[in-house]
Amino acid sequence: MVAPAFSARPCILTINGGSSSIKFAIFEVAATPVRLVAGELTRIGQPKAKLVVKSVNGTHDISSEVNAINHLKAVDVLVKSIEKDGVLGNLAAVGHRLVHGGPDYW
C-alpha cells in the first residue's frame, strides 16, 4: 500500500468505520501531519467487497476485490495490507472517528 520509503517514519492510521465500509488514511507524523495514502474498504458483508487505496503521488494506487464477509475480516484485510508494506511496525497511533446519536444514547 505504501512506498517502502514511508515505512521508516512514524505514522498515524485514521479509521472511519461505517455499516458497510471502512475509510482510512495514513499520515506521516510531523508538526503538520502529511497524508501518505487514503482509501476505503467497501461492500463489507457483500459479494465483491473492494479495497481501494490512493497514494498522494499516485504511484501506489490499488483497486482490488477482497474477501470481507464482515468487519472483522475487513480489518484483517486492512492490517495485512499495511503489514505487507512495512508500515504496521511504525504506527505511532491509531484513531477512530466515533459518531453517536447524542445525549439520548449516552
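As a reminder, the structure under discussion sits directly above these lines.
Asker: Where do I start with the overall build of the chain in this structure?
Answerer: The helix and strand inventory of the chain stands at one helix and six strands. Walking the chain from its N terminus toward its C terminus, one meets helices and strands in the order β-β-β-β-β-α-β. Against the 2.2 N^0.38 benchmark of 13 Å for 106 residues, the chain shows a C-alpha radius of gyration of 14 Å, consistent with a compact globule. For the chain, the proportion of its 106 residues judged to be buried stands at 30%. Contacts in the chain between residues at least 24 apart in sequence constitute 42% of all its contacts with a sequence separation of at least 6. In the chain, 11 side chains carry a positive charge and 8 a negative one; their mean positions are 4 Å apart.

Asker: Please clarify how helix α1 (residues 71–84) should be interpreted in this entry.
Answerer: Since the α-helix turns once every 3.6 residues, residues separated by three or four places project in the same direction. Here α1 contains 14 residues, and its C-alpha end-to-end distance of 20 Å stays within 8% of the 20 Å for a straight helix at 1.5 Å per residue. For α1, the set of buried residues is A74, V77, L78, S81 and I82. Around the axis of α1, the buried residues are gathered within 130° of arc, so they sit on the same side. Seen from the open side of α1, the exposed residues pointing more than 90 degrees away from its buried face are L72 and K84. As for α1, its buried residues are in contact with β1 (11–17), β2 (22–28), β3 (34–42), β4 (49–55) and β5 (62–66). Capping of α1 at its N-terminal end is provided by N70; its side-chain oxygen lies 3.1 Å from the backbone amide nitrogen of L72. Within two residues after α1, G86 carries a phi angle of roughly 80°, on the positive side.

Asker: Just to check I follow, could you spell out the pattern of salt bridges for this structure?
Answerer: Pairing between side chains of opposite charge can happen when their charged atoms approach one another. A full pass over the atoms with the stated rule returns three salt bridges. A salt bridge links K73 to D76; the shortest N-O distance between them is 3.7 Å. Here K73 pairs with D76, and both are found in helix α1, just three residues apart, close to one helical turn. Of the residues examined, D76 reaches a relative accessible area of 27% and is grouped as partly exposed.

Asker: Is there a simple way to explain the environment of E28 in this structure?
Answerer: Locating E28 in the fold gives a position in strand β2. Take E28: its relative accessible area is 14%, and that puts it in the buried class. Counting along the chain gives 41 residues from E28 to I69, while the straight-line C-alpha distance between them is 30 Å. Every residue in contact with E28, bar those within four places of it in the chain, is listed here: R9, P10, P33, V34 and L36.

Criteria and thresholds
Residues numbered from 1 in each chain as written. Predicted model: local features only at pLDDT ≥ 70, side-chain atom pairs only at ≥ 80, totals over all residues. Heavy atoms only, no water. Helix = DSSP H or I, 4+ residues; strand = E, 2+ residues; numbered from the N terminus. Rg over C-alpha atoms; globule rule 2.2 N^0.38 Å. Buried < 20%, exposed > 50% of the residue type's maximum accessible area, 1.4 Å probe, protein only. Contact = heavy atoms within 4.5 Å. Lys, Arg positive; Asp, Glu negative; His and termini not counted. Charge placed at Lys NZ, Arg CZ, Asp CG, Glu CD. Expected span 1.5 Å × (residues − 1). Arc of directions from axis to C-beta. Polar contact = N/O pair within 3.5 Å; in protein donor to acceptor, adjacent residues only side chain to side chain. Salt bridge = Lys/Arg side-chain N within 4 Å of Asp/Glu carboxyl O.

Honestly, it's all geometry; don't read function into it.
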